[in-house]
Amino acid sequence: MSSICIEFASQGVTDILVSQSVADLVDATGKRVASRAGGGFGYRHRIGNYGGGRVIGFVTADTMEARESEATGKTLTRAVGG
């Protein structure tokens, strides 16, 4: 099996990926997924160490009930696809 690595050598692409517009899109999407998943799921972001400082978003199960809901009913998984 072969793999492909894409390297963005263009400063323009990097500028787009680290822009406030992209950060806003990542935040809006993460918050929407957390909201669809329901109580106990939360969204947070951070600036990544790669790609020139891109925003990375995480939706996590923050309570035991949310973790159980994901484990038994795939609550978060369905929220991502919905």
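Remember, predicted model here, so these are calculated numbers, not experimental data. (Residues numbered from 1 in each chain as written. Predicted model: local features only at pLDDT ≥ 70, side-chain atom pairs only at ≥ 80, totals over all residues. Heavy atoms only, no water.)

Quick look at unusual backbone geometry
So, point 1. With a phi angle near 55°, K74 is a residue other than glycine that sits in the positive phi range.
So, point 2. By the element assignment, K74 lies in the loop between α3 (64–73) and α4 (75–81).
So, point 3. Taking relative accessible area as the criterion, K74 reaches 43% and is therefore assigned partly exposed. (Helix = DSSP H or I, 4+ residues; strand = E, 2+ residues; numbered from the N terminus. Buried < 20%, exposed > 50% of the residue type's maximum accessible area, 1.4 Å probe, protein only.)

Side note on the environment of Y43
So, point 1. The topology assignment puts Y43 in strand β1 (residues 41–47).
So, point 2. Note: C-alpha distance between Y43 and V22 (21 residues apart in sequence) is 16 Å.
So, point 3. In contact with Y43, other than residues within four places in its own chain, are V26, D27, G30, K31, A34, G57, F58 and V59.
So, point 4. Of the polar contacts made by the side chain of Y43, one reaches the side chain of D27; its length is 2.5 Å. (Contact = heavy atoms within 4.5 Å. Polar contact = N/O pair within 3.5 Å; in protein donor to acceptor, adjacent residues only side chain to side chain.)

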